Amino acid sequence: MSAKRDYYEVLGVSKDTPASEIKAQYRKLALKFHPDRNKSSESGEHFKEISEAYGVLSDPEKRKVYDQQGHAGVDGRYSNDDIFEGARGDFSDLFGRTGGFDSIFESIFGRNGGSSYGQQRGSDILYETSVTLEDVLHGKKMEINLQKEIQCQICNGSGCKPNTKKNKCTACNGQGQVRKTRTMGYASFVTVETCSACKGQGSIIQTPCSECKGHGRKKGIKKISFDIPPGVDSGDYTVQQEGNEVPSGINGDLIVRIRVQSHPKFKRDGMDIFYDQDVSMIDATLGREITIPTLEGTEKLKVESGSQPNTIIKLKGKGVPHMNSKSRGDQYIRIIVNIPKKLSKHQKSLLDEFEKSYE
Ligand SMILES: [Zn+2]
Ligand SMILES: [Zn+2]
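Here the structure is a predicted model, which is why all the values come from computation and not from measurement.

## Digging into the overall build of the protein chain
So, step 1. Within the protein chain, the regular secondary structure consists of 9 helices and 15 strands.
So, step 2. Taken along the three principal axes of its C-alpha coordinates, the protein chain extends 105 × 60 × 35 Å.
So, step 3. Burial status across the protein chain gives 40% buried among its 359 residues.
So, step 4. Counting contacts in the protein chain only where the partners sit at least 6 residues apart, residues at least 24 apart contribute 63% of the total.
So, step 5. Summed over all atoms, the accessible surface of the protein chain reaches about 21,100 Å², with 48% contributed by carbon and sulfur.

## Some remarks on the sheet that holds strand β9 (residues 254-260)
So, step 1. Reading across from one edge, β1-β9-β8 is the order of the 3 strands in this open sheet, with mixed pairing throughout. The open sheet terminates on both sides in strands that have one partner only, identified here as β1 (125-131) and β8 (235-239). Within the sheet, the average angular offset between the axes of one strand and its neighbour, ignoring direction, is 30°.
So, step 2. Relative to β9, β8 runs antiparallel, the two sharing 5 bridges. Note that in β9 the partner of Gly-235 across the bridge is Ile-258.

## A short note on the domain arrangement of the protein chain
So, step 1. Under the domain assignment used here, the protein chain contains domain 1 (1-94), domain 2 (166-205) and domain 3 (267-342).
So, step 2. Placing a centre on the C-alpha atoms of domain 2 and another on those of domain 3 gives a separation of 68 Å.

## Overview of the coordination of the zinc ion (ligand 1)
Put simply, the ideal angle at a metal is 109.5 degrees for four donors in tetrahedral geometry and 90 or 180 degrees for six donors in octahedral geometry.
So, step 1. Listed as protein donors to the zinc ion (ligand 1) are Cys-152 (SG), Cys-155 (SG), Cys-209 (SG) and Cys-212 (SG); their distances from the metal cover 2.3 to 2.4 Å.
So, step 2. Here the zinc ion (ligand 1) binds 4 donor atoms, and the angle range of 103 to 117° at the metal identifies the geometry as tetrahedral.
So, step 3. Taking relative accessible area as the criterion, Cys-209 reaches 1% and is therefore assigned buried.

## Describing the pattern of salt bridges
So, step 1. Counted by the stated rule, this structure contains 24 salt bridges.
So, step 2. Measuring nitrogen to oxygen at the nearest pair gives 3.5 Å for the salt bridge that ties Glu-245 to Lys-222. Taken together, the residues Glu-245 in the loop between β8 and β9 and Lys-222 in strand β7 (residues 217-228) connect sequence positions 23 residues apart.
So, step 3. Using a relative accessible area of 10% as the deciding quantity, one classes Glu-245 as buried.
So, step 4. In the salt-bridge network here, residues are joined through shared partners; they are Lys-148, Lys-222, Glu-242 and Glu-245.

## Overview of the packing of aromatic side chains
So, step 1. Per the counting criterion, the structure on display carries 6 aromatic pairs.
So, step 2. Look at Tyr-7 and Tyr-66: their rings are 4.6 Å apart centre to centre, the planes differ by 40°, and that puts the pair in the tilted class. With Tyr-7 in helix α1 (residues 7-11) and Tyr-66 in helix α4 (residues 60-77), the pair connects residues that are 59 residues apart, well separated along the chain.
So, step 3. Take Tyr-66: its relative accessible area is 7%, and that puts it in the buried class.
So, step 4. Ring plane angle 15° and centroid distance 5.4 Å describe the contact between Phe-274 and Tyr-332, whose orientation is recorded as stacked. A residue pair is termed long-range when its members are at least 10 positions apart, and Phe-274 in strand β11 (residues 272-280) and Tyr-332 in strand β15 (residues 331-338) qualify at 58 residues.
So, step 5. Classification of Phe-274 by relative accessible area gives partly exposed; the value is 34%.
So, step 6. One aromatic cluster in this structure is built from Tyr-7, Tyr-8 and Tyr-66.

## Structural notes on helix α3 (residues 43-57)
So, step 1. Here α3 spans 21 Å end to end across 15 residues, near enough to the 21 Å set by a 1.5 Å rise per residue.
So, step 2. With respect to burial, α3 is a largely interior element, 11 of its 15 residues being buried.
So, step 3. Looking at α3, one finds that the buried residues are Ser-43, Gly-44, Phe-47, Ile-50, Ser-51, Glu-52, Ala-53, Tyr-54, Gly-55, Val-56 and Leu-57.

## Re the confidence of the model for the protein chain
So, step 1. Confidence in the prediction of the protein chain, expressed as mean pLDDT, is 86, and 91% of residues score 70 or more.
So, step 2. Below pLDDT 50 for its whole length, residues 96-100 participates in 11 contacts with residues either more than four positions away or in separate chains.
So, step 3. For the stretch residues 109-118, pLDDT sits under 50, and the model shows 27 contacts to residues farther than four places along the chain or on other chains.

## Let's talk about the coordination of the zinc ion (ligand 2)
So, step 1. In the first shell of the zinc ion (ligand 2), the protein supplies Cys-169 (SG), Cys-172 (SG), Cys-195 (SG) and Cys-198 (SG), at 2.3 Å from the metal.
So, step 2. Angles of 104 to 117° at the metal separate the 4 donor atoms of the zinc ion (ligand 2), which places the site in the tetrahedral class.

## Brief notes about the nonpolar core
So, step 1. Residues Leu-133, Phe-226, Leu-254 and Ile-333 are the most contacted members of the largest nonpolar core, which totals 33 residues.
So, step 2. Tallying contributions element by element places β9 first for this core, with 4 residues.
So, step 3. Contacts of Phe-226, omitting those with residues within four sequence positions, involve Lys-140, Lys-141, Met-142, Ile-144, Val-239, Leu-254 and Val-256.
So, step 4. Grouped together as the second largest cluster of nonpolar side chains are 23 residues, Val-13, Phe-47, Val-65 and Val-74 included.

## A look at a nonpolar patch on the surface
So, step 1. Taken together, the side chains of Leu-343, Leu-351, Phe-354 and Tyr-358 define a hydrophobic patch exposed on the protein surface, amounting to about 430 Å² of accessible area.
So, step 2. Mapped onto the elements of the fold, Leu-351 is located in helix α9 (residues 345-356).

## What to know about the pairing of strand β12 (residues 288-294)
So, step 1. Here β12 pairs with strand β13 (residues 297-303) via 7 bridges, running antiparallel. Looking at β13, one finds that Glu-289 is bridged to Lys-302.
So, step 2. Count of turn residues in the β12/β13 antiparallel hairpin: 2 residues.

Cut-offs applied
- Residues numbered from 1 in each chain as written.
- Chains lettered and ligands numbered in written order.
- Predicted model: local features only at pLDDT ≥ 70, side-chain atom pairs only at ≥ 80, totals over all residues.
- Heavy atoms only, no water.
- Helix = DSSP H or I, 4+ residues; strand = E, 2+ residues; numbered from the N terminus.
- Buried < 20%, exposed > 50% of the residue type's maximum accessible area, 1.4 Å probe, protein only.
- Contact = heavy atoms within 4.5 Å.
- Areas by Shrake-Rupley, 256 points an atom, 1.4 Å probe, with all protein chains shown as cover.
- Pairing = 2+ DSSP bridges.
- Axes fitted to C-alpha atoms, helices over the stretch in contact; angles between N-to-C directions.
- Domains from an automatic or database assignment.
- Donors = N, O, S within 2.8 Å, 3.2 Å for Na, K, Ca; no water.
- Tetrahedral: all angles 85-135°; square planar, octahedral: opposite > 155°, others 65-115°.
- Salt bridge = Lys/Arg side-chain N within 4 Å of Asp/Glu carboxyl O.
- Phe/Tyr/Trp six-rings, centres within 6.5 Å; stacked < 30°, edge-to-face > 60°.
- Expected span 1.5 Å × (residues − 1).
- pLDDT = per-residue confidence, 0-100.
- Core = buried A, V, L, I, M, F, W, Y, C linked by side-chain atoms within 4.5 Å.
- Patch = residues over 30% accessible without salt bridge, like charges linked within 9 Å, V, L, I, M, F, W, Y side chains within 5 Å.

What follows is the structure, encoded as structure tokens:
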């Protein structure tokens, strides 16, 4: 076993950092090393390390023990479950799905890792799509045919050939778990581990279903509908429990990776959109009403006489909507004044005359 790093160092905080800041820091790191988001092989280990550090430093009593006696003091006094309960309890909201944290812990500690948390969880599915800026304005209804693990229709997920049953697992007496006593440092505590004979099911299939070979699930295609909300930006969004299915467990999530396409006319920055409008030198000088495109159509706009190049005109409320409110951004129009590159003789003489009028 390698030496444990200092908990303050792990979280990147100092000895006098208040609890509220430790919480914020852990949230930041947890999102970074969340095994579902961070696919590097060390992310699980990092996640475990920061969660352990947080579990200790977020609890005034454990933090005091750690400050006085270091790792040995904490390890001798508290069980793994006790320590990880801190992160688990405070951040159940963090991963946006019921049981998410539990299943992460299960995947980090492994099936025999000493955690009694949670059920089996299906894996997430990544679905990539792109939307236009007009879709961002109105939102978009999606209906997709998703290939994924779905519950077997023949055995309804039991994995048993129809009209056959499962036998109670004798290794765990149907509990799916076995209790083991572990020693860590100079303390010993009881952990509950998943039964390896029945893989935690508590029962063993007599005759497997021929359709799914006893897995209770198989590859299939499912039609899934979801809404892309108005105001969406490029990024990952979760459709809960629409990932790979696990009979009598928790389905994985469908992660929808949205890319907002660049628009031929508009540039977007947050809720605002930007548009460059060409205006002739004459129109900028004399002023004129022009028609400019907006996301939903066109709008009439007054270019004031004497408008300077790069004048910005704001069209209030013509940007994209906020994702979680009714408010909308604005459209900004930049006036690009076109200076004529070629003039006829006649035009030139007119301009000469115009210049002379100043004298
Ligand atoms: Zn089946
Ligand atoms: Zn068993």
